[in-house]
Structures are given as structure tokens and as C-alpha cells.
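Structural description and commentary
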Amino acid sequence: MRKTLLTLFFPLLVVVQAQQTPDSPLNIILLIGDGMGLSQISAGMYVNNNQTILEDFSVIGLSKTHATNSLVTDSAASGTAMACGEKTYNGVLGINSKNKKLKSILEICEENGYNTGLIANSSIVHATPASFYANIDSRYKYEKIALQLSESNVDYFIGGGKKYFNKREDNRNLIKEMDKIDVVKNFNAYKKSGSERIGFFTFNDEPPSIIDGRPPLLGKYLTATLDKLNKRIEPFFLMVEGSQIDWGGHANDIEYITSEFIEFNEAIEVSLNFAKNNSNTLVIVTADHETGGLAITMGKTKGYEIVAGFNTGGHSATMVPVFSYGKFSELFGGIYDNTQIFHKMTEALGVD
Ligand code: MG
Ligand code: ZN
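Reading the values: rules and limits
Residues numbered from 1 in each chain as written. Chains lettered and ligands numbered in written order. Predicted model: local features only at pLDDT ≥ 70, side-chain atom pairs only at ≥ 80, totals over all residues. Heavy atoms only, no water. Helix = DSSP H or I, 4+ residues; strand = E, 2+ residues; numbered from the N terminus. Rg over C-alpha atoms; globule rule 2.2 N^0.38 Å. Contact = heavy atoms within 4.5 Å. Areas by Shrake-Rupley, 256 points an atom, 1.4 Å probe, with all protein chains shown as cover. Lys, Arg positive; Asp, Glu negative; His and termini not counted. Charge placed at Lys NZ, Arg CZ, Asp CG, Glu CD. Disulfide = S-S within 2.5 Å. Expected span 1.5 Å × (residues − 1). Polar contact = N/O pair within 3.5 Å; in protein donor to acceptor, adjacent residues only side chain to side chain. Donors = N, O, S within 2.8 Å, 3.2 Å for Na, K, Ca; no water. Buried < 20%, exposed > 50% of the residue type's maximum accessible area, 1.4 Å probe, protein only. Axes fitted to C-alpha atoms, helices over the stretch in contact; angles between N-to-C directions. Parallel < 35°, antiparallel > 145°, perpendicular 65-115°, else oblique. Left-handed = near helix turned anticlockwise from the far one by under 90°. Nonpolar A, V, L, I, M, F, W, Y, C, P; charged D, E, K, R; others polar. Tetrahedral: all angles 85-135°; square planar, octahedral: opposite > 155°, others 65-115°. Core = buried A, V, L, I, M, F, W, Y, C linked by side-chain atoms within 4.5 Å. pLDDT = per-residue confidence, 0-100. Pairing = 2+ DSSP bridges. Right-handed = clockwise from strand over helix to strand, strands pointing away. Salt bridge = Lys/Arg side-chain N within 4 Å of Asp/Glu carboxyl O.

**Looking at the overall build of the chain**
- Scanning the chain from terminus to terminus reveals 13 helices and 14 strands.
- Its C-alpha radius of gyration of 20 Å places the chain within 12% of the 20 Å reference for a compact globule of 352 residues.
- When its C-alpha atoms are laid out on the principal axes, the chain stretches across 75 × 50 × 40 Å.
- Contacts spanning at least 24 positions in sequence make up 72% of the contacts within the chain whose residues lie at least 6 apart.
- Only carbon and sulfur atoms are counted for the fraction: they give 52% of the accessible area of the chain, which is about 15600 Å².
- Treating the 32 positive side-chain charges of the chain as one cloud and the 39 negative ones as another, the clouds have centres 6 Å apart.

Structural data, given as C-alpha cells:
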């Protein structure tokens, strides 16, 4: 009745999306290029006709990536350092070197009324995304990590690894058990879903590389997710991973690295444009470590051809860059431990 009267007397009353101002609560978009050192960025930039959207970032820092038990980190220890603010040993997620459970920035945001999302080009249970919701002594316990995701409060997720949810040794079907999450079958359904929590498994297993046919959709996944988050009243925390820059480094395959970087570059551009239009947004782009000990040793300025050399099939301990843009971006200049990425985010959020 009340509604009818309102419509009667105020026929022009429309719902207008709340205007985001610099004083609105802070949104954070954290983009992690796995294995994306300066050489990977340089190689991707030259192959991309000497351009990267990273050139639009004015605040740049350097992050020291070592783990507690090794100068050369893995993605689990460095993911945990950035997500939870403590160095730990290689191979573990969301626990410190004394086996104490840690709370991640995503969980802290959830506790403060935020909506949250995770988007990755790997499986969603892989070390980097899992650093934000899992607490476990081995990054390789994928089915247990899947269970932890299903029990988490993550609102939106896109990634591979469906089989860890519905083809499990314990015969549980977590997709059915996640009854508060609309788990959709394809990207169109993801875009159309009006649910406040949505999951989209892009592949049953690990997604293939772009070279092997994965469509380069990271920017589009991000755009669709930002559209959803931006319609909500609450602020958000979103982590987006260019997962396979690392896998190209392990394979010592420069085309693998540059094709994955160029897709990641598109996602960075989407984030930057969002932050330009929503001044309460902080964008951080960094890496968990460098992979391959990559150097560009020769090349041509005509057509920006590059010749690459690698030092290892593993990771290296070189510092990695941190690019930031938007509200509180000035916090991210300088040289600091990767744990400071967490602490600078909590400082920006005012929950330190
Ligand atoms: Mg990763
Ligand atoms: Zn790696």
C-alpha cells in the first residue's frame, strides 16, 4: 500500500546509485602478477609496441620478497606476506613460521562490512588466491583449500579448479554445499546473475595458457565484477592475479611470459580507469617474486624485437616493483618488505 502511494505521489522517484566521493569508504583493487619482475614488465612492454599502462602510475616502490627460511620465496610464502602481513616459510598459506593462523586483508575487510572478490588465471585454490582465504600447512592440499574457500565469506570468485570442489576423494560436492553462492556455468551467466555472491569456474583443472588457447578475458572478468561491486552500497576489496606470467618464467618461454603480461596489462588498465572514475579507490599492482632470472640481452628498436636469457627454471630473490594509484597511493613509495603491502593496506583502511 505504502509503495503504491509513493508511486502515485512521486512518479519521478528513481533509485540513483550513491555517488562515490573521495570521502566514501576506500575500495582496494590489488593486482598481483605472479613472477612479474621488472624484466617481465620490460619484455611485455616492448612486445606490446613499447607500451604499458603501468606508465600511468606515478607512485612506485620496491618490495623485498624473501621468505623466513629462504632468500628465494615461493608464491605461498609471499602471498601470505602480502595478504596477512607476516613473513613465513615456503609452502604454507595463511600461517606464520610458528604455525599461528593469520587473518588476511580480505577477512579483515569482510569483518568491516566490505564485499570481496578473487579473480585468477590459475585454479582458485592455487597459492596466490588461496593466500587470501586459506590457513593450511601445505599449498598442495587443494581439496582442503577448496573446502576452506567454500566456508569463507568471499562474495565473488572467478578461476579454474572446479574438480577440487565436485570430484573429490571424500565424495562431497562443495558446489552444492555452497548454497549461498550462485555457482554459474559460463561467463554470460556470471554477468547476468543478480546474486550477491557468485562463483564461476573457468576450467575443471588449471586453465591453459593464452598460447594454448585460453581466451584473454581477465580484463572482461574484472569489468563484470567491478560492475557488480559498484552497484552495492558497501565498499570492496578485490584481488586479481595474472597467474601464468610465473608459469612462462618456469618454462623459460618468453612468448608465454609476454602474452600473459599483455592480458594482465588490460586488467590493470580496467582498474586504473575505474579508479579515475571512483576517487575512493586505491589500485596496487605488484608481484609475489620474479621467475626465471629473466634478462633482455639483445633486441631491435625497429618493431621492438627482444631476445631473452634466463638464469633459472625457478624463482629469483630480486626485488619486485609496486605501482599504486588513487587514494592513499602515496603510502606505497619506497623500499620495504612485502609484508608492508598488508600493513599499508590496513593503514589506508584505517583498521591498523
Ligand atoms: Mg600464483
Ligand atoms: Zn612459480
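That was the structure; now back to the text.
**Quick look at the state of the cysteines**
- In this structure the tally under the stated criterion is zero disulfides.
- C84 carries a free sulfur, and the closest cysteine sulfur to it, the one in C109, is 12 Å from it.

**Some thoughts on helix α12 (residues 254-277)**
- Relative to the 34 Å expected for 24 residues at 1.5 Å per residue, α12 spans 35 Å between its end C-alpha atoms, a close match to the ideal helical length.
- Where α12 starts, the residue carrying a side-chain oxygen 3.1 Å from the main-chain nitrogen of E255 turns out to be D253.

**Looking at the coordination of the magnesium ion (ligand 1)**
- Bound to the magnesium ion (ligand 1) on the protein side are D34 (OD), T128 (OG1) and E241 (OE), at distances that span 2.0 to 2.2 Å.
- The exposure class assigned to D34 is buried, which follows from its relative accessible area of 2%.

**Here's the deal with the packing of helix α3 (residues 75-84) against helix α13 (residues 339-349)**
- Running from N to C, α3 and α13 point in directions that differ by 20 degrees, and their axes come no closer than 5 Å. The angle between α3 and α13 places the two elements in the roughly parallel class. α3 and α13 meet at a crossing whose hand is right-handed. Across the interface between the two elements, A81, M82, A83 and C84 of α3 pack against T339, I341, F342 and M345 of α13.
- Residues belonging to the contact of α3 with α13 are distributed by class as follows: seven nonpolar, one polar and no charged.

**What about the coordination of the zinc ion (ligand 2)?**
- Surrounding the zinc ion (ligand 2) are the protein donor atoms D246 (OD), D246 (OD), H250 (NE2) and H315 (NE2), which sit 2.1 to 2.3 Å from the metal.
- Between the four donor atoms coordinating the zinc ion (ligand 2), the angles at the centre fall across 57 to 153 degrees, so the site counts as irregular.
- Summarised as a motif, the one-chain spacing of the donors to the zinc ion (ligand 2) is D-x3-H-x64-H. In this pair, D246 is assigned in helix α11 (residues 245-250) and H315 in strand β12 (residues 315-316), connecting sequence segments 69 residues apart. Both residues of the pair, D246 and H315, belong to the buried class.

**Section: the nonpolar core**
- Counting residues in hydrophobic clusters, the biggest one holds 50 residues, and the most contacted among them are V125, F132, F165, F237 and M345.
- Listed in part, the 39 residues of the second largest apolar core include I119, Y190, F261 and F264.

**Here's the deal with the confidence of the model for the chain**
- Per-residue confidence for the chain gives a mean pLDDT of 94; residues scoring 70 or more make up 94%.
- Taken together, the stretch residues 1-16 has pLDDT below 50 and engages in one contact with residues farther than four places along the chain or on a different chain.

**Quick look at the pairing of strand β6 (residues 198-201)**
- The alternating pattern of β6 places I198 and F200 on one face and G199 and F201 on the opposite face, and all of these are buried.
- By the bridge criterion, three bridges tie strand β5 (residues 182-184) to β6 in an arrangement that is parallel. Looking across to β6, one finds that V184 is bridged to F200.
- Handedness of the crossover joining β5 and β6 through helix α9 (residues 187-192) is recorded here as right-handed.

**Points about unusual backbone geometry**
- One non-glycine residue with positive phi stands out, namely Y304, at about 50 degrees.
- Within the fold, Y304 resides in the loop between β10 (295-300) and β11 (305-309).
- For Y304, a relative accessible area of 27% translates into the label partly exposed.
- Backbone geometry places F328, a non-glycine residue, at a positive phi of 70 degrees.
- When you line up the elements, F328 lands in the loop between β13 (320-326) and β14 (334-337).
- You can call F328 partly exposed: its relative accessible area is 29%.

**Digging into the pattern of salt bridges**
- Counting across every chain of the model gives 14 salt bridges.
- Between K103 and E111 there is a salt bridge; the shortest N-O distance is 2.8 Å.
- Judged by relative accessible area, which is 42%, K103 ranks as partly exposed.
- Judged by its relative accessible area of 54%, E111 is exposed.
- Between R172 and E177 there is a salt bridge whose closest N-O contact spans 2.7 Å.
- Given the relative accessible area of 39%, E177 is considered partly exposed.
- A network of salt bridges, in which partner residues are shared, links E196, R232 and E234.

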